[in-house]
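# Topology and contacts: notes
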Amino acid sequence: MAAVIILGGGIGGVVAANVLSKTLDKKHRIVLVDRKDSHVYQSSYPLTIVNKRNPKNITRRLDILQKKGIEFIQAEVKSINPEQCNVQTDKGIIDYDFLIVSPGVEHHPETVPGFKDGAYNVYNFDDVSRLQNTLKEFKKGKIVFFISSVPYTYPPAPYEITFLLDAYFRERGIRENVELSVITPEPSPEALGRPAVQKRLRDLLKQRQIGLTTEAKVLSLDTSTNTLHLDQGITAEADLFLGVPSHWGPGVMENTGLVTEGNWIEVDPHTMQTKNEQIYAIGDATALRLPVMRVWAPKAGIFAHYQSEVVARNIASKIMGKKPSFRFTAKGA
Ligand SMILES: Cc1cc2nc3c(=O)[nH]c(=O)nc-3n(C[C@H](O)[C@H](O)[C@H](O)COP(=O)(O)OP(=O)(O)OC[C@H]3O[C@@H](n4cnc5c(N)ncnc54)[C@H](O)[C@@H]3O)c2cc1C
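Residues numbered from 1 in each chain as written. Predicted model: local features only at pLDDT ≥ 70, side-chain atom pairs only at ≥ 80, totals over all residues.

## Section: the packing of helix H1 (residues 11–23) against helix H7 (residues 301–319)
In the contact formed by H1 and H7, the axes pass within 8 Å of each other and the chain directions differ by 35°. Read as a crossing pair, H1 and H7 show a hand that is right-handed. Between H1 and H7, the contacting residues are Ile-11, Gly-12, Val-15, Ala-16, Val-19, Leu-20 and Thr-23 on the first element and Gly-301, Ala-304, His-305, Gln-307, Ser-308, Glu-309, Val-311, Ala-312, Arg-313, Ile-315 and Ala-316 on the second. Across the contact of H1 with H7, the residue classes break down as 10 nonpolar, 6 polar and 2 charged. (Axes fitted to C-alpha atoms, helices over the stretch in contact; angles between N-to-C directions. Helix = DSSP H or I, 4+ residues; strand = E, 2+ residues; numbered from the N terminus. Left-handed = near helix turned anticlockwise from the far one by under 90°. Contact = placed C-beta atoms within 7 Å. Nonpolar A, V, L, I, M, F, W, Y, C, P; charged D, E, K, R; others polar.)

Encoded structure:
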């Protein structure tokens, strides 16, 4: 009997668990560990912000996986010990034959002093739910959307949210009372996209009267004056601040010897195997370059999904004594 442990019940972890449960004989153990009791579908945050989704409907309890023979343990993973082939959690040690790591990113709003008290983190479920209510009461004023640093998950999301805000205020007939702008450290919106896409996005922002500041480093948010401070002495005042916090690689991987600078997990781009042949990593936590283009892969659920299928099928092949032959080819790019 083999044990496959999956760290993380986000897109990567849930897809991997489902594929394994369909592929592996029931005698094998599949365990999914997450600190939370529910999976949250982050791709629905933009629609939730503008009141087109109910926060309750974008989450699913992870214990329903147990119906498929997948064990769910709600626990905090404290460390991974490749030498001992085990994972230390706050509820005890779990041994593995194969480990799939999909812990996503860590958010660090504190890198911009004032963020936590003065801005909504649009990448956080609780803040997104609160923001939905705040916006219902918002009738007039200035909204500034800022990106703290790169890399960040799903680069189109800030623009998707801003365009949805534009439509939301139009629908309510109050768009002319609301000023919208985006501040980003990137040289352009969708900096990884083709030049034609970047230009189209800039044109659309202009058409929709959404301000854009690029190559801006956000330093701090002064909550007493509602002022965002950028480098070169630039400031931006607003009535409401929405922010994307700094993203770091998962701290739980720090001492595993499997990470690059910033705790991003190094993997083979085709198999998602780390330097340790029993440990695979998928999704936002990986330091992955796209196989053909060689640029850093954007952090996106669609990649996490296809990577999980490859990893789960290859692990199942290994357990069944077959040659692992599945490869990630950046499907979704
Ligand atoms: C606003 C927004 C819009 C998006 N829109 C899209 C879109 O339209 N299309 C698209 O493809 N992608 C989109 N994405 C990106 C997508 O949601 C992510 O790429 C995807 O969720 C990454 O999956 P993951 O499994 O790597 O990590 P996650 O889904 O973040 O899951 C990680 C899980 O690991 C758990 N965890 C972490 N550390 C520990 C620990 N130490 N112990 C226990 N549990 C732990 C967390 O609780 C979490 O449940 C969007 C993201 C955002 C924020």
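## Re the site of the ligand
Around the ligand sit 33 residues in total, of which Gly-8, Gly-10, Gly-12, Gly-104 and Gly-283 are the nearest. Listing elements by their share of the shell around the ligand, those giving two or more residues are H1, strand E2 (29–34), helix H2 (45–49) and H7. A breakdown of the residues in the shell around the ligand according to their chemical character gives 15 nonpolar, 12 polar and 6 charged. Here the shell around the ligand spans two domains, and each of domain 1 (3–105 + 249–319) and domain 2 (107–247) adds at least three residues to it. (Near = placed C-beta within 6 Å. Domains from an automatic or database assignment.)

## Thoughts on the environment of Ser-129
Position of Ser-129 relative to the elements: it lies in helix H4 (residues 125–137). Residue classification places Ser-129 among the partly exposed residues on the basis of 16 C-beta atoms within 10 Å. Measuring from C-alpha to C-alpha, the distance between Ser-129 and Pro-185 comes to 26 Å, with 56 residues separating the pair along the chain. (Buried ≥ 20, exposed ≤ 12 C-beta atoms within 10 Å, placed from the backbone.)

## Considering the pairing of strand E12 (residues 141–147)
Taken across its 7 residues, E12 has 5 buried, putting it largely inside the fold. Both E12 and strand E13 (residues 178–183) contribute to a ladder of 6 bridges, which runs parallel. Looking at the pairing, Lys-142 lines up with Glu-179 of E13. Once the chain exits E12 it traverses helix H5 (residues 157–171) before rejoining the sheet at E13, and the crossover so formed is right-handed. (Pairing = 2+ DSSP bridges. Right-handed = clockwise from strand over helix to strand, strands pointing away.)

## Let's talk about the domain arrangement of the protein
Under the domain assignment used here, the protein contains domain 1 (3–105 + 249–319) and domain 2 (107–247). A separation of 29 Å is found between the C-alpha centroids of domain 1 and domain 2. For the side of domain 1 that touches domain 2, the leading source of residues is H2, giving 4 residues. Per-class residue counts for the side of domain 1 that touches domain 2 are 11 nonpolar, 2 polar and 2 charged.

## Concerning the pairing of strand E8 (residues 92–95)
Bridge count for strand E7 (residues 86–89) against E8 is 4 bridges, and the pairing is antiparallel. Bridging across to E8, Gln-88 finds its partner in Ile-93. Adjacent in sequence and paired antiparallel, E7 and E8 are bridged by 2 residues.

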